[in-house]
2 protein chains.
Amino acid sequence: MLLYDSPVSGNCYKVRLLLAHLGIPYERRTMDVVDRSNRPEVLGGLNPALRVPTLVLDDGRPLAESGAILWYLGEGSRFVPDDSYERAQVLQWMFFEQYDHEPAIAVARFWLAYSGRAEDFADRLPERKAAGQRALAAMDDHLNGRNYLVGDRLTLADLALYAYTHVAHEGGFDLAPYPAVGDWLERVASEPGHVPIDA
Amino acid sequence: MLLYDSPVSGNCYKVRLLLAHLGIPYERRTMDVVDRSNRPEVLGGLNPALRVPTLVLDDGRPLAESGAILWYLGEGSRFVPDDSYERAQVLQWMFFEQYDHEPAIAVARFWLAYSGRAEDFADRLPERKAAGQRALAAMDDHLNGRNYLVGDRLTLADLALYAYTHVAHEGGFDLAPYPAVGDWLERVASEPGHVPIDA
């Protein structure tokens, strides 16, 4: 399999983290996340949104959207529960990540740490900071008294939300007010098979 | 089942449309989408994001996020393919909808048609218009020569993207440049079991 990838993208890291846990070999092709001028040429026909990650299966079929790629690779493994309600809960947290968490925390992180022009986004940062804090508070409430987001073990939901939460400080987020999130981050990172974002 | 609902929300309409197709009876409880002051009281403990739709199963277990609710209700039905790659493609389009399409088209529609203070958002509208046009163009490219988004029949992907696409004009979007989208909207609306957003 070929993964169109970015080393700094949490969306790509989710996929690499699952592939590492599953022990699946793959090839990486790095795409620039600032200069996106070659994306129509490289990702056209593979991903309607021209984003990374994009996975190309061994038979050439493409798959886009980190959540859909996680689901494709994870179905039938220990990372997707057998129970239909728990499966839906996993997807609930994955959709929460893409709608509430990523557009706040990943975008603030990109603006501040990777865009090269943080000052251009300064007036829009407070809104994203507030949204990110709401997302972290929702996670903290839920994780209080729980070891994992869904059920009693690591699922795709944890991998999906770990990706940008563990680098939220690069977006200016202080995790100290969210102790259950902090404990959960350590728990996810200590799982056998875990790899860091820069592996 | 009890659906915390809004008659104007496309995210809620997706769920009502699937429930109608499946012939599943349910109760609706309407929430205000402008005055959200009662949401912590009503939806606290049911939905970490305090949004509608929120579904409460007959045994009291809650489920949030329209995509997760669609998946829970749709698994095992004709709206979720048996093939694992096609299932992942359905999720790809559902994540595309929540990340690229809804934050542009649904938000522009809310600002213009439902917020009661469209002028407050005027300076931010052009960015959402451009993003919505990119999402519609991506759909149009994909639907050109296809009857449905995934495979050869109606799936959750079509229901999820129909919801806000068919009311995109309320957000100021002209669908004339996207003829394959227009044909597909008619095809989805002509399916047996279809119900309109104001049913």
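Residues numbered from 1 in each chain as written. Chains lettered and ligands numbered in written order. Predicted model: local features only at pLDDT ≥ 70, side-chain atom pairs only at ≥ 80, totals over all residues.

## Quick notes on the overall build of chain A
Note the threshold: To qualify as a helix, a DSSP run of H or I must reach at least 4 residues; to qualify as a strand, a run of E must reach at least 2; elements of each kind are numbered from the N terminus. Three exposure classes are used. Buried residues have 20 or more other C-beta atoms within 10 Å of their own C-beta, exposed residues have 12 or fewer, and partly exposed residues fall in between, all C-beta atoms being placed from the backbone.
Helices and strands together make up the secondary structure of chain A, namely 7 helices and 4 strands. Each principal axis of the C-alpha atoms in chain A carries an extent, and together these give about 45 × 45 × 25 Å. Counting only residues that meet the buried cut, chain A has 43% of its 199 residues in that class.

## Side note on the relation of the copies chain B and chain A
Here is the rule: C-alpha atoms of residues with pLDDT of at least 70 in both copies form the basis for the least-squares superposition of the copies. Throughout, a residue-residue contact means that the two C-beta atoms, derived from backbone geometry, are no farther apart than 7 Å.
Aligned on chain A, chain B shows an RMSD of 0.0 Å; the corresponding rotation is 180 degrees and the shift along the axis is 0.0 Å. These values place the two chain copies in the arrangement generated by a two-fold rotation axis. Using C-alpha coordinates, one finds that chain B approaches the rotation axis most closely at tyrosine 99 of chain B, a distance of 3.0 Å. Of the interface residues in chain B, 100% have counterparts in chain A that sit at the interface too, so the contact is made through matching surfaces.

## Some details on the sheet that holds strand β3 (residues 54-56) of chain B
Residues and elements named next belong to chain B. Note the following rule: Strand pairing is assigned whenever DSSP identifies at least 2 bridges connecting the two strands. In this analysis an axis means a line fitted to C-alpha atoms, helices contributing only their contacting stretch, and an angle means the value between N-to-C directions, from 0 to 180 degrees.
The strand order across the open sheet formed by 4 strands is β2-β1-β3-β4, and the pairing between neighbours is mixed. Across the chains shown, the open sheet's two edge strands, defined by having one partner strand only, are β2 (27-30) and β4 (62-64). When strand polarity is set aside, the average angle formed by the axes of neighbouring strands in this sheet is 20 degrees. Examined bridge by bridge, strand β1 (residues 2-5) and β3 share 3 bridges and lie antiparallel to one another. Bridged to leucine 2 within β3 is valine 56.

## Some words on the packing of helix α1 (residues 10-22) of chain B against helix α6 (residues 156-165) of chain B
To describe two helices that pack against each other, one gives the angle between their axes and the distance between the axes. Residues and elements named next belong to chain B. Keep this limit in mind: The labels follow the angle: roughly parallel below 35 degrees, roughly antiparallel above 145, roughly perpendicular from 65 to 115, and oblique for the rest. Crossings are classed by handedness, with left-handed meaning an anticlockwise turn of the near helix from the far one by less than a right angle and right-handed meaning a clockwise turn.
The interhelical angle for the contact between α1 and α6, taken along N-to-C directions, is 135 degrees, at an axis separation of 8 Å. In terms of their interaxial angle, α1 and α6 are classed as oblique. The interaxial crossing formed by α1 with α6 has right-handed handedness. On α6, the residues touching Gly10, Asn11, Tyr13, Lys14, Leu17 and Leu18 of α1 are Leu159, Ala160, Ala163 and Tyr164.

## Focus on the interface of chain B and chain A
To keep it simple, the criterion reads: Residue classes follow a fixed rule: Ala, Val, Leu, Ile, Met, Phe, Trp, Tyr, Cys and Pro count as nonpolar, while Asp, Glu, Lys and Arg count as charged, and any other residue, Gly among them, counts as polar.
In this complex, chain B contributes 24 residues to the contact, which on the side of chain A involves 24 residues. Looking at the side of chain B that touches chain A, the element that brings in the most residues is helix α4 (residues 84-114) of chain B, giving 11 residues. Among the residues making up the side of chain B that touches chain A, the classes are represented as 15 nonpolar, 5 polar and 4 charged.

## What about helix α5 (residues 125-143) of chain A?
All names here are of chain A. For clarity, the threshold we go by: Helix span, as expected, comes to 1.5 Å for every residue beyond the first. Here the arc refers to the directions that run from the helix axis out to each C-beta atom.
When the terminal C-alpha atoms of α5 are compared, their 27 Å separation across 19 residues agrees well with the 27 Å that a helix rising 1.5 Å per residue should span. Regarding α5, the residues found buried are Arg128, Gly132, Ala135, Leu136, Met139 and Leu143. Projected onto a plane normal to the axis of α5, the buried residues spread over an arc of 95 degrees and lie on a single side. For α5, exposure combined with an orientation more than 90 degrees from the buried face picks out Pro126, Glu127 and Ala130. Summarising the contacts, the buried residues of α5 are in contact with α4 (84-114), α6 (156-165) and α7 (179-189). One or two positions beyond α5, positive phi appears at glycine 145, with a value near 90 degrees.

## Focus on the sheet that holds strand β3 (residues 54-56) of chain A
Backbone-to-backbone hydrogen bonds join strands into a sheet, with any given pair of strands oriented parallel or antiparallel. Residues and elements named next belong to chain A. Reading across the sheet, the 4 strands line up as β2-β1-β3-β4 and stay open at both edges, with mixed pairing between neighbours. If you trace the sheet from one side to the other, it starts and ends with β2 (27-30) and β4 (62-64), each paired once. Strand-to-strand twist across the sheet, computed as the mean angle between neighbouring axes with direction ignored, equals 20 degrees.

## Overview of the packing of α4 of chain B against helix α5 (residues 125-143) of chain B
Residue and element names in this part refer to chain B. Running from amino to carboxyl end, α4 crosses α5 at an angle of 135 degrees, the nearest separation of the two axes being 8 Å. By the angle between their axes, α4 is oblique relative to α5. Along this stretch, α4 crosses α5, giving a crossing that reads as left-handed. Residues Asp100, His101, Ala104, Ile105, Val107, Ala108 and Trp111 of α4 pack against Leu125, Arg128, Lys129, Ala131, Gly132 and Ala135 of α5. Classifying every residue of the contact of α4 with α5 gives 8 nonpolar, 2 polar and 3 charged.

## Digging into the domain arrangement of chain A
By a widely used convention, the size of an interface equals the accessible area lost when the partners come together. All names here are of chain A. The criterion, for reference: Note that the domain bounds reflect an automated or database-derived domain assignment.
Taken as a whole, chain A is organised into domain 1 (2-74) and domain 2 (84-189). Distance between the C-alpha centres of domain 1 and domain 2: 20 Å. Each side of the interface is counted separately: domain 1 has 13 residues, and domain 2 has 12 residues. Top contributing element to the side of domain 1 that touches domain 2 by residue count: helix α1 (residues 10-22), with 6 residues. Grouping the amino acids of the side of domain 1 that touches domain 2 by side-chain chemistry returns 8 nonpolar, 4 polar and 1 charged.

## Overview of the pairing of β1 of chain B
Residues and elements named next belong to chain B. Formally: Clockwise travel from the first strand over the helix to the second, with the strands pointing away from the viewer, marks a crossover as right-handed.
When β1 meets β2, the two strands line up parallel, connected through 4 bridges. If you follow leucine 2 over to β2, its bridge partner there is glutamate 27. One crossover worth recording links β1 to the parallel β2 by way of α1, and it is right-handed.

## Description of unusual backbone geometry
A cis amide bond links valine 52 of chain A with the next residue in sequence, proline 53 of chain A, at an omega value of 0 degrees. Within the fold, proline 53 of chain A resides in the loop between α2 (39-43) and β3. Positioned with a positive phi, leucine 50 of chain A is a non-glycine residue whose angle comes to about 55 degrees. Position of leucine 50 of chain A among the secondary structure elements: in the loop between α2 and β3. Residue leucine 50 of chain A is classed as partly exposed on the basis of its 19 C-beta neighbours within 10 Å. One non-glycine residue, glutamate 65 of chain B, lies in the positive phi region at around 75 degrees.

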